[in-house]
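As a plain string of letters, each chain reads:
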Amino acid sequence: MATELHELLRSLRVWDPAVTELPPFAPEAAPAEPLPLFTQWFAEAVAAGEREPHTMTLATVGEDGLPDARIVMLHGADADGWAFATHATSRKGRQLAARPYAALTLYWPVLGRQVRVRGPVTSAPSEEAQADLHARSTGALAAALTGRQSEVLTSAEELTGASEAAWEHARRNPTAKSPTWTLYRLRPDEVEFFQGDAQRRHVRLAYGREPDGWVRELLWP
(Lines give C-alpha, C1' and ligand atoms only; values in the text may rest on other atoms or scores of the structure.)
Protein backbone atom coordinates (compact mmCIF):
# COMPACT_ATOMS: atom_id res chain seq x y z
CA MET A 1 0.00 0.00 0.00
CA ALA A 2 2.83 2.42 0.83
CA THR A 3 4.44 1.75 -2.56
CA GLU A 4 1.14 2.34 -4.36
CA LEU A 5 0.65 5.60 -2.52
CA HIS A 6 4.20 6.69 -3.30
CA GLU A 7 3.75 5.90 -7.00
CA LEU A 8 0.43 7.73 -7.08
CA LEU A 9 1.97 10.79 -5.47
CA ARG A 10 4.84 10.75 -7.95
CA SER A 11 2.39 10.67 -10.85
CA LEU A 12 0.73 13.93 -9.83
CA ARG A 13 1.72 17.34 -11.15
CA VAL A 14 1.76 20.65 -9.34
CA TRP A 15 0.18 23.51 -11.27
CA ASP A 16 -0.47 21.54 -14.44
CA PRO A 17 -0.41 24.05 -17.32
CA ALA A 18 -3.58 22.45 -18.64
CA VAL A 19 -5.56 23.79 -15.68
CA THR A 20 -3.29 26.37 -14.04
CA GLU A 21 -2.05 29.75 -15.21
CA LEU A 22 0.59 31.40 -13.04
CA PRO A 23 0.09 35.16 -13.46
CA PRO A 24 2.92 37.62 -12.79
CA PHE A 25 2.86 39.46 -9.48
CA ALA A 26 4.71 42.74 -8.92
CA PRO A 27 4.81 43.22 -5.14
CA GLU A 28 6.17 46.75 -5.48
CA ALA A 29 2.84 47.75 -7.03
CA ALA A 30 0.76 46.17 -4.28
CA PRO A 31 -1.50 48.44 -2.20
CA ALA A 32 -0.43 49.76 1.19
CA GLU A 33 -2.99 47.57 2.99
CA PRO A 34 -3.80 43.88 2.46
CA LEU A 35 -7.59 44.03 2.11
CA PRO A 36 -7.69 45.63 -1.37
CA LEU A 37 -5.20 43.06 -2.68
CA PHE A 38 -7.18 40.22 -1.12
CA THR A 39 -10.37 41.50 -2.71
CA GLN A 40 -8.64 41.68 -6.10
CA TRP A 41 -7.14 38.20 -5.80
CA PHE A 42 -10.44 36.72 -4.68
CA ALA A 43 -12.25 38.22 -7.67
CA GLU A 44 -9.54 36.92 -10.00
CA ALA A 45 -9.85 33.42 -8.53
CA VAL A 46 -13.59 33.48 -9.19
CA ALA A 47 -13.05 34.77 -12.74
CA ALA A 48 -10.43 32.05 -13.37
CA GLY A 49 -12.97 29.35 -12.54
CA GLU A 50 -11.64 28.30 -9.15
CA ARG A 51 -14.15 25.96 -7.56
CA GLU A 52 -15.27 27.01 -4.10
CA PRO A 53 -12.74 29.84 -3.76
CA HIS A 54 -14.40 30.84 -0.48
CA THR A 55 -13.33 27.67 1.31
CA MET A 56 -10.38 28.05 3.66
CA THR A 57 -8.49 26.25 6.38
CA LEU A 58 -9.14 27.54 9.90
CA ALA A 59 -6.40 26.67 12.39
CA THR A 60 -6.95 26.98 16.13
CA VAL A 61 -5.30 25.72 19.31
CA GLY A 62 -6.99 22.97 21.29
CA GLU A 63 -7.50 22.75 25.02
CA ASP A 64 -4.45 20.48 25.11
CA GLY A 65 -2.30 23.20 23.55
CA LEU A 66 -2.00 21.31 20.24
CA PRO A 67 -2.93 22.68 16.80
CA ASP A 68 -6.22 21.82 15.14
CA ALA A 69 -7.48 22.63 11.65
CA ARG A 70 -10.50 22.19 9.41
CA ILE A 71 -12.11 23.68 6.30
CA VAL A 72 -14.68 26.45 6.77
CA MET A 73 -16.29 29.02 4.50
CA LEU A 74 -15.37 32.68 4.20
CA HIS A 75 -18.40 34.84 5.02
CA GLY A 76 -16.79 38.18 4.23
CA ALA A 77 -13.72 40.36 4.60
CA ASP A 78 -13.75 44.05 5.46
CA ALA A 79 -12.16 46.56 7.83
CA ASP A 80 -13.50 44.54 10.79
CA GLY A 81 -11.72 41.37 9.68
CA TRP A 82 -12.13 38.07 7.85
CA ALA A 83 -15.45 36.46 8.86
CA PHE A 84 -16.51 32.84 9.32
CA ALA A 85 -19.23 31.16 11.36
CA THR A 86 -19.85 28.09 13.47
CA HIS A 87 -21.57 26.99 16.66
CA ALA A 88 -20.03 28.43 19.82
CA THR A 89 -20.47 24.96 21.32
CA SER A 90 -18.54 23.19 18.55
CA ARG A 91 -14.94 22.10 19.03
CA LYS A 92 -13.57 25.13 17.20
CA GLY A 93 -16.00 27.40 19.03
CA ARG A 94 -14.79 26.12 22.40
CA GLN A 95 -11.17 26.46 21.29
CA LEU A 96 -11.72 30.05 20.21
CA ALA A 97 -13.41 30.84 23.52
CA ALA A 98 -10.34 29.55 25.38
CA ARG A 99 -7.74 31.01 23.00
CA PRO A 100 -9.24 33.70 20.74
CA TYR A 101 -6.48 33.68 18.12
CA ALA A 102 -6.49 31.81 14.82
CA ALA A 103 -4.98 31.44 11.36
CA LEU A 104 -6.67 31.16 7.97
CA THR A 105 -5.32 29.82 4.68
CA LEU A 106 -7.00 30.16 1.30
CA TYR A 107 -5.53 28.22 -1.64
CA TRP A 108 -6.41 28.83 -5.29
CA PRO A 109 -4.47 26.26 -7.37
CA VAL A 110 -5.93 27.49 -10.67
CA LEU A 111 -3.69 30.57 -10.21
CA GLY A 112 -1.02 29.05 -7.98
CA ARG A 113 -1.95 31.42 -5.19
CA GLN A 114 -2.51 31.25 -1.47
CA VAL A 115 -3.29 33.80 1.21
CA ARG A 116 -2.43 33.31 4.87
CA VAL A 117 -4.01 35.38 7.64
CA ARG A 118 -3.29 35.38 11.40
CA GLY A 119 -4.75 37.41 14.21
CA PRO A 120 -7.10 37.70 17.19
CA VAL A 121 -10.71 36.55 16.85
CA THR A 122 -13.83 38.21 18.24
CA SER A 123 -17.53 37.31 18.11
CA ALA A 124 -20.01 39.54 16.31
CA PRO A 125 -23.27 40.50 18.04
CA SER A 126 -25.89 37.75 17.97
CA GLU A 127 -28.22 39.68 15.66
CA GLU A 128 -25.44 39.90 13.06
CA ALA A 129 -24.83 36.17 13.29
CA GLN A 130 -28.53 35.39 12.82
CA ALA A 131 -28.81 37.82 9.88
CA ASP A 132 -25.78 36.20 8.27
CA LEU A 133 -27.33 32.76 8.74
CA HIS A 134 -30.70 33.80 7.31
CA ALA A 135 -29.01 35.25 4.22
CA ARG A 136 -27.77 31.78 3.35
CA SER A 137 -29.59 28.72 1.98
CA THR A 138 -32.34 26.67 3.59
CA GLY A 139 -29.83 23.85 3.88
CA ALA A 140 -27.41 26.07 5.81
CA LEU A 141 -30.18 27.03 8.22
CA ALA A 142 -31.24 23.40 8.59
CA ALA A 143 -27.68 22.37 9.37
CA ALA A 144 -27.39 25.12 11.98
CA LEU A 145 -30.70 24.11 13.53
CA THR A 146 -29.61 20.47 13.70
CA GLY A 147 -26.89 21.63 16.09
CA ARG A 148 -24.82 19.40 18.40
CA GLN A 149 -21.75 19.90 16.20
CA SER A 150 -18.68 17.91 17.38
CA GLU A 151 -20.71 15.88 19.90
CA VAL A 152 -20.54 12.09 19.78
CA LEU A 153 -23.15 10.61 17.40
CA THR A 154 -24.68 7.35 18.53
CA SER A 155 -26.09 6.30 15.15
CA ALA A 156 -26.76 7.47 11.61
CA GLU A 157 -30.47 7.12 12.30
CA GLU A 158 -30.23 9.69 15.11
CA LEU A 159 -28.68 12.19 12.70
CA THR A 160 -31.29 11.47 10.04
CA GLY A 161 -34.14 12.13 12.46
CA ALA A 162 -32.65 15.37 13.79
CA SER A 163 -31.79 16.59 10.29
CA GLU A 164 -35.25 15.88 8.88
CA ALA A 165 -36.83 17.78 11.76
CA ALA A 166 -34.43 20.68 11.24
CA TRP A 167 -35.15 20.82 7.50
CA GLU A 168 -38.88 20.93 8.19
CA HIS A 169 -38.38 23.70 10.76
CA ALA A 170 -36.22 25.69 8.35
CA ARG A 171 -38.77 25.43 5.54
CA ARG A 172 -41.64 26.47 7.80
CA ASN A 173 -39.72 29.24 9.55
CA PRO A 174 -36.92 30.70 7.38
CA THR A 175 -36.07 33.22 10.12
CA ALA A 176 -35.71 30.60 12.86
CA LYS A 177 -32.89 31.37 15.27
CA SER A 178 -30.01 29.08 16.10
CA PRO A 179 -28.93 30.33 19.55
CA THR A 180 -25.37 28.96 19.43
CA TRP A 181 -24.65 30.03 15.85
CA THR A 182 -21.83 32.56 16.02
CA LEU A 183 -20.23 34.86 13.47
CA TYR A 184 -16.51 35.28 14.15
CA ARG A 185 -14.15 37.92 12.82
CA LEU A 186 -10.41 37.50 12.61
CA ARG A 187 -8.70 40.91 12.65
CA PRO A 188 -5.34 40.21 11.05
CA ASP A 189 -1.98 41.04 12.55
CA GLU A 190 -0.32 39.36 9.57
CA VAL A 191 -1.40 38.68 5.98
CA GLU A 192 0.80 36.91 3.44
CA PHE A 193 0.22 36.68 -0.31
CA PHE A 194 1.94 33.81 -2.15
CA GLN A 195 2.20 33.70 -5.92
CA GLY A 196 3.62 30.53 -7.43
CA ASP A 197 6.24 30.70 -10.18
CA ALA A 198 7.05 28.02 -12.77
CA GLN A 199 10.78 28.40 -12.05
CA ARG A 200 10.06 28.01 -8.31
CA ARG A 201 10.95 31.66 -7.72
CA HIS A 202 7.73 32.14 -5.83
CA VAL A 203 6.76 35.61 -4.66
CA ARG A 204 5.79 36.01 -1.01
CA LEU A 205 4.58 39.42 0.13
CA ALA A 206 3.92 39.75 3.87
CA TYR A 207 1.95 42.53 5.53
CA GLY A 208 2.44 43.16 9.26
CA ARG A 209 0.22 45.43 11.31
CA GLU A 210 1.90 48.16 13.35
CA PRO A 211 0.37 50.91 15.51
CA ASP A 212 0.53 53.47 12.70
CA GLY A 213 -0.41 51.16 9.81
CA TRP A 214 0.92 48.26 7.77
CA VAL A 215 4.47 47.39 6.82
CA ARG A 216 5.33 45.19 3.83
CA GLU A 217 8.26 42.89 3.24
CA LEU A 218 9.25 40.15 0.85
CA LEU A 219 9.99 36.65 2.12
CA TRP A 220 12.23 33.96 0.67
CA PRO A 221 10.16 31.20 -0.93
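Residues numbered from 1 in each chain as written. Predicted model: local features only at pLDDT ≥ 70, side-chain atom pairs only at ≥ 80, totals over all residues. Heavy atoms only, no water.

Caption draft 1: Examining the pairing of strand 5 (residues 101-108) more closely. In the sheet, strand 1 (residues 55-61) pairs with strand 5 via three bridges, with the strands oriented antiparallel. Bridge assignment links Leu58 to a residue of strand 5, and that residue is Leu104. The sheet contact formed by strand 5 and strand 6 (residues 113-123) spans eight bridges and is antiparallel. Across the sheet, residue Tyr107 finds its bridge partner in strand 6, namely Gln114. Hairpin connection of strand 5 to strand 6: four residues between the antiparallel strands, including Gly112 at a positive phi of 65°. (Pairing = 2+ DSSP bridges. Helix = DSSP H or I, 4+ residues; strand = E, 2+ residues; numbered from the N terminus.)

Caption draft 2: Representation of the environment of Trp214. Along the chain, Trp214 turns up in strand 10 (residues 213-219). Separated by 25 residues in sequence, Trp214 and Asp189 place their C-alpha atoms 9.1 Å apart.

Caption draft 3: Region of the structure containing helix 4 (residues 126-134). What helix 4 keeps buried is the set Ala129, Gln130, Asp132 and Leu133. Within helix 4, the buried residues cover an arc of 160° as seen down the axis, which keeps them to one side. Buried positions along helix 4 lie against strand 4 (81-87), helix 5 (138-146) and strand 7 (181-186). (Buried < 20%, exposed > 50% of the residue type's maximum accessible area, 1.4 Å probe, protein only. Arc of directions from axis to C-beta. Contact = heavy atoms within 4.5 Å.)

Caption draft 4: Looking closely at the packing of aromatic side chains. Applying the stated rule across the entire model yields ten aromatic pairs. Ring centres of Phe38 and Trp108 lie 6.1 Å apart, and the angle between their planes is 40°; this geometry places the pair in the tilted category. Of this pair, Phe38 sits in helix 2 (residues 34-47) while Trp108 sits in strand 5, and the two are 70 residues apart along the sequence. Here Phe193 and Tyr207 contribute two aromatic rings whose centre-to-centre distance is 5.7 Å and whose plane-to-plane angle is 75°, an arrangement assigned as edge-to-face. In this pair, Phe193 is assigned in strand 8 (residues 190-195) and Tyr207 in strand 9 (residues 203-210), connecting sequence segments 14 residues apart. Here the two residues Phe193 and Tyr207 agree in accessibility, since each one is buried. A network of ring pairs unites the aromatic residues Phe25, Trp41, Phe193, Tyr207 and Trp214 as a single cluster. The side chain of Arg113 reaches across the aromatic face of Trp41, ending 4.1 Å from its centre. (Phe/Tyr/Trp six-rings, centres within 6.5 Å; stacked < 30°, edge-to-face > 60°. Lys NZ or Arg CZ within 6 Å of the ring centre and 35° of its normal.)

Caption draft 5: Region of the structure containing the side chain of Arg204. Its location among the elements puts Arg204 in strand 9. Side-chain polar atoms of Arg204 contact the side chain of Glu192, separated by 2.6 Å. When neighbours within four sequence positions are excluded, Arg204 is seen to be in contact with Arg116, Glu192, Phe193, Phe194, Glu217, Leu218, Leu219, Trp220 and Pro221. (Polar contact = N/O pair within 3.5 Å; in protein donor to acceptor, adjacent residues only side chain to side chain.)

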